[in-house]
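Architecture and fold: a report
Next come the chains, spelled out residue by residue.
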Amino acid sequence: MISNDLIGNDYQEKLRLFFTKSVLLHIGVILFFVLSSFIINYTIEKTKRASLKVVESSVRVEMVAMPEMTLKELKTMGLPEIGGKVDKALKIIQKTPIKKNDFLKIKKKKNFLSLMKDMAKKKVNTKKYKKIKTKKQGSLEGIARGDLKKLLLQGNKLSKGTGIVGDGIAATETFALYLGKLPMIVRPHWILPSYLLDKDLKCRIRIYLSENGKLLRSNIFETSGNIEYDNKALLAVKKASPFPELAENIKKRGIDGDIVLGFPL
Amino acid sequence: MNRYKVIIIIFSIISFLPSTSFAEDGLTIVAIGEAEREVSNVFLDGPYVSEALTPSQLLLSREIKRIFKNNFSFYKSVFKVSNGEEKKTALKESVKYETQKIAGNNILIRFQALAEGTTDLRLKVMSWNIDKEEALITTELIISKRNLRQQVHIASDQVYTRLTGKESIFTSKVYFVSDKHSSRSKKIKELYSMDFDGRNKTRLTFHRGTVISPAISYDKKWLVYSLIPHKISKYRNINLYLYNFETKQHKVLSSNKGINSGAIFTPDGKEIILTLSFGGNAEIYSMDLLTKAKRRITKHFKEDVDPSINRSGSLLTFLSGRSGSAMIYTSDPTGLEQKVKRISYVGQYNATPRFNPKGDQIVFSSWLDERFDLFRINSDGTGLSRLTKDFGSNEDPTFSNDGEFIAFSSQRVLSRTKATHNIYIMDKNGEIIGNLTKNFGNCITPRWSK
C-alpha cells in the first residue's frame, strides 16, 4: 500500500509538472505568434502610411480663349446620363424573340445573281430611316454628345474635375479608376457651415468597404483638430455610402481599408 | 518535437498570411475637394414691443427688423432669413433649443424695442446658435431716426462676426463717380459715397470736372482720386488729389506733367502706388505720402497702368501692353521690374485687375463680343473663370472688404444715343444680388472700402 501510494504520488507530481510546462509552453508559443503578428502588422501599416499616394481630382485644361460659360452656368450644368439609354436598349434586345427559322434562313445558300436580284427588288423605306435619324438626334445620347463637343470647343470651361491623376500620367489600373469615381460621389454630401469653411482645416478619413461597396467602417486617419469638422467629414462618407461595387481584383483593397479620403486634400 | 514543429508552422501561416497579402499595396489618399457652404436658417423673432411705444417708435422698431433682414439677405449663399411676428410681450431671454431645432432654425435673433423718451428707442438684440446650443451676443443700442441705419448695421455686424468669426460688409462703404449733377451744357463727374446696400448717398467732391479712379486707404481715413479739369487752360493736367475724411479737405498730391492717376494706398498707409507719365510713357511708381519721393516699379517701352496690391503688400497686379495687347501681370512692388509675371494670355483687351482681400484671386474685365464682361483668375495665373454674361457691359470690378462680394458698373443701352450706367453687386461666384444705384445719373468706378 505504501509503495503504491508513493508510486501514485510520484506519477501525479510528474503529471502536474508536465501539465504546467505544457500550458506555459502553449501560452508562450501563442504569445510569441500574437506578438510577432502584431509587430509585423504594425510594420506593414507603418510602411503603408509611409508610402501614401495622393490622388487629386484634376482636369488638364488648355487655355485657348476666354471662357464662354459663367461659373453659375457650369455649376448648374450636369452632363446627361447616358446609362439610362443603354438600359433601354438592352431591354429592347431582350424583348425581341429569336425565331428558330432565323438561323435556318441564314444557312440557306444563294448564288450571286439571285442575291443581286433580291437586292434590286428590295424597297428602301426612306420614311422609316428619317424617323430613326430624328429620334437619335433627340435622344439623351445625342444631347450628351452635343454638350461634350461644346465643352471641348469652349477651352477652359470644364467644371469640377473627376480625373484621378494630377501629374498627367494616364491611370489604367482598376483601382485607380475606382478611386477616380469617389470624389464625385462624396462631394455632394461634403457641406460645411461658413464658420468652418473659411478656417483652412484638413482631415483624412480611412474607409473600409465591402465587396459590394457598402461602407463597413470609417475612422479618422488624420484629424483636423476640430471635432465638428472631422464629424462633418465622417457624415459625408456615411451619407455617400453605398459606394460603387469593387471589381474582383480590388475587393481585397476595399476590405483592407486601403482608401483614405482627404477633406479637402 | 514534431508536434511542436507542426504547431509552429500552422501559427506562422495564420499570422503571416493576411499581413503579407496586403503588404504589397500602400494606402491611397483621394482628394475630395473643397466643401460646399451650408445655408443656415436665420429666424428673426420679434420685435418684442411694449404697449408704451408711440406710433413713430413702433414704425422705427419695424424698420429695424427690416434692415436686419435686408443685411443678412445679402449673404444669401450663407443665410436664409425668415421673419417672426411682432409681439407685445416682454422679451424671452431663454431659448428652448429643441423647439427651435424642430422649427429648422440654425440661428435665432430676438429684438426688443423699448421707449427711450418720446421719439427714440432702446433696442436690445439677443442671438443664439441653435446647433451649438449657445448664446452668441447681446447688444443694447439707443436708436433714433437719424442714426437708425448706422446703428442697425453695427448690431448686424456684431452678430455676424460672432457667428462666423469674420468681418461683414454691413459697416463698409462703396465710393463711386456719378454725373448726376451734370447740366445739358456741362457734363461733370463727381465723387460720392454710399452704404454697402446703396443707401445714404453723399457727395464728396465739388470740382465741376471729371473725377476718375478713386481709392480708399486701409484705415478708411484718406481717399485719393484724379481730376480731369474742365476749364480750358494752358496747363491742363490730370492731377492727383488727396481727401481727408475727418477734415473734409482736398489737396493736390501729385501734379507731374501728364497723367497722375490710378493711385492706390499700400496696406501700411505710408505710400501710394500710381501711374505717372512725366517720362513720356505711362509707368507705375510708388510715392511716399510724407516726402513725396518717387520710386519706379515698372520699366518698359509699353504702357503699364491700373495697379492693385494685395493686403500683405507683397504682390502687385497691373495692366500692361508689353505683350502687344492689354494683359494682366503681377510683380514684386519692392523693386524695379522685379519678378514680373504675365498671368493672362487670353482676351482681346483686359482691364482693371483688382485683388481680393486675401490676395489669392484677381477680378478683371475683358472685352468680349462687343462688350466688357467680368472674369476671375488666381493670382498665379490658374483657374480662369467667367463671372458675368448677358448682363450688359460690365466693368470696374472691386472686391468687398470681406472678399465675398464684387461691386461693378454695368452699362445698359437704352437707344442708339442713350445708355445708362449703374452699380451692381454680385457674390464672388457671379450670383447677381442687385443694383446699388438707380436714377442717380450714370454711376461708374465703384471702390469698396477695405
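Per chain, residues are indexed from 1 in the order of the written sequence. Written order determines the labels here, with chains lettered from A and ligands numbered from 1. At least 70 in pLDDT is required for a residue's local features to be given in this predicted model, at least 80 for side-chain atom pairs to be given and counted, and no such filter applies to totals for whole chains, interfaces and linings, which use all residues. Neither water nor hydrogens contribute to the side-chain values; these are computed over all heavy atoms in the structure.

Helix and strand definitions follow DSSP, with helices as H or I runs of at least four residues and strands as E runs of at least two, each counted in order from the N terminus. Tallying secondary structure elements over chain B gives four helices and 31 strands in all. In this treatment the radius of gyration is a C-alpha quantity, and the globule benchmark scales as 2.2 Å times the residue count to the 0.38 power. A globule of 450 residues ought to have a C-alpha radius of gyration of about 22 Å, yet chain B, at 28 Å, is considerably larger. Accessible area is worked out with a 1.4 Å probe on protein chains only. A residue is then buried under 20% of its type maximum, exposed over 50%, and partly exposed in between. Looking at chain B as a whole, 52% of its 450 residues are labelled buried. Whether two residues touch is decided by their heavy atoms; if any such pair falls within 4.5 Å, the residues are in contact. Sequence separation of 24 or more characterises 44% of the internal contacts of chain B that already satisfy a separation of 6 or more. Of the accessible surface of chain B, which amounts to about 20,800 Å², a share of 51% is contributed by carbon and sulfur atoms. In summary, the charge assignment counts Lys and Arg as positive and Asp and Glu as negative, without counting His or the chain termini. Think of each charge as sitting on NZ of Lys, CZ of Arg, CG of Asp or CD of Glu. For chain B, the centre of its 66 positive side-chain charges and the centre of its 47 negative side-chain charges are spaced 6 Å apart. Each accessible area is a Shrake-Rupley result for a 1.4 Å probe, and residues are judged covered by the shown protein chains and nothing else.

Our next topic: the domain arrangement of chain B. All names here are of chain B. Partitioning chain B into domains gives domain 1 (40-164) and domain 2 (173-448). Computed over C-alpha atoms, the centres of domain 1 and domain 2 are 37 Å apart. Contact with domain 1, which involves nine residues of that partner, is made by eleven residues of domain 2. Two parts lose some accessible area (1.4 Å probe) when they are put together, and adding that loss for both gives the buried area. Roughly 880 Å² is buried in total at the junction of domain 1 and domain 2, and carbon and sulfur atoms are behind 59% of that figure. Area buried by domain 1 at its contact with domain 2 is led by Phe74, Lys76 and Arg149, which between them contribute 60% of it. Salt bridges, as used here, are contacts in which a Lys or Arg side-chain nitrogen is within 4 Å of a carboxyl oxygen on Asp or Glu. Of the charged contacts, one joins Arg149 and Asp197 as a salt bridge, the two residues approaching to 2.7 Å between their closest N and O atoms. Residue ranges for the domains trace back to a domain assignment, done automatically or taken from a database.

All names here are of chain A. Across chain A, the average pLDDT comes to 70, with 54% of residues at or above 70. Confidence of the prediction at every residue is given by pLDDT, a number between 0 and 100. Put simply, helix 3 (residues 83-95) is where chain A has its lowest mean pLDDT, 41, and strand 3 (residues 203-209) is where it has its highest, 94. When the criterion is pLDDT under 50, residues 79-108 qualifies, and its contacts beyond four places in sequence or with other chains add up to 13 contacts. Contacts from residues 126-171, a stretch scored under 50 in pLDDT, to residues over four places away or in other chains number 64 contacts.

Turning our eyes to something else, we now look at the packing of helix 2 (residues 55-73) of chain B against helix 4 (residues 148-164) of chain B. All names here are of chain B. Every axis in this analysis is a line fitted to C-alpha atoms, fitted for helices over the stretch in contact. Angles between the N-to-C directions lie between 0 and 180 degrees. Close contact between helix 2 and helix 4 brings their axes to 10 Å; oriented N to C, the two are set at 50°. In terms of orientation, helix 2 lies oblique with respect to helix 4. Between helix 2 and helix 4 lies a crossing of right-handed hand. Contacts between helix 2 and helix 4 pair Leu60, Glu63, Ile64, Arg66, Ile67, Phe68, Asn71 and Phe72 from the former with Leu148, Arg149, Val152, His153, Ala155, Ser156, Val159 and Tyr160 from the latter. Residue polarity follows a fixed list, in which Ala, Val, Leu, Ile, Met, Phe, Trp, Tyr, Cys and Pro are nonpolar, Asp, Glu, Lys and Arg are charged, and the others, Gly among them, are polar. Here the residues of the contact of helix 2 with helix 4 are counted per class, giving ten nonpolar, three polar and three charged. Angles are sorted into four bins: roughly parallel if under 35 degrees, roughly antiparallel if over 145, roughly perpendicular if 65 to 115, and oblique for all others. Here is the rule for handedness: rotate from the far helix to the near one, and if that takes an anticlockwise turn smaller than a right angle the crossing is left-handed, while a clockwise turn gives right-handed.

This paragraph deals with the pattern of salt bridges. Residues and elements named next belong to chain B. Summed over all chains, the structure comprises 29 salt bridges over all chains. For Asp390, the salt bridge goes to Arg371, with nearest N and O atoms at 3.3 Å. In this pair, Asp390 is assigned in the loop between strand 26 (385-386) and strand 27 (393-399) and Arg371 in strand 25 (residues 371-378), connecting sequence segments 19 residues apart. Take Asp390: its relative accessible area is 58%, and that puts it in the exposed class.

This next bit is on the side chain of Ser320 of chain B. All names here are of chain B. With respect to the helices and strands, the residue Ser320 is situated in strand 20 (residues 316-320). By relative accessible area, Ser320 is classed as buried at 2%. A distance of 2.9 Å separates a polar atom in the side chain of Ser320 from a polar atom in the side chain of Arg322. Ignoring anything within four residues of it in the chain, the contact list for Ser320 reads Glu303, Asp304, Ser325, Ala326, Met327 and Tyr329. In the analysis that follows, any N or O atom pair within 3.5 Å is treated as a polar contact, provided that within protein one partner can donate a hydrogen and the other can accept it, and provided that, for residues neighboring in sequence, both atoms belong to side chains.

With that out of the way, let us pick up the sheet that holds strand 13 (residues 239-244) of chain B. Residue and element names in this part refer to chain B. A pair of strands counts as paired when DSSP detects no fewer than two bridges linking them. Spatial ordering of the open sheet is given by 11-12-13-14, a layout of four strands whose pairing is antiparallel. At either margin of the open sheet sits one strand with a lone partner, and together these are strand 11 (210-216) and strand 14 (250-254). This sheet shows a mean twist of 30° between the axes of neighbouring strands, independent of strand direction.

Let's shift gears to the side chain of Asn310 of chain B. All names here are of chain B. Relative to the helices and strands, Asn310 is located in the loop between strand 19 (304-309) and strand 20. Side-chain polar atoms of Asn310 contact the backbone nitrogen of Ser314, separated by 2.9 Å. Only 3.1 Å separates the side chain of Asn310 from the backbone nitrogen of Leu315, close enough to count as a polar contact. Those residues in contact with Asn310, other than ones at most four positions away along the chain, are Tyr218, Pro267, Leu315, Phe355 and Gly359.

Where strands meet in a sheet, backbone hydrogen bonds hold them as pairs that are either parallel or antiparallel. Strands sit in the order 19-20-21-22 (chain B) across an open sheet of four strands; the sheet is antiparallel. Unpaired on one side and paired on the other, strand 19 and strand 22 (341-342) of chain B mark the two borders of the sheet.

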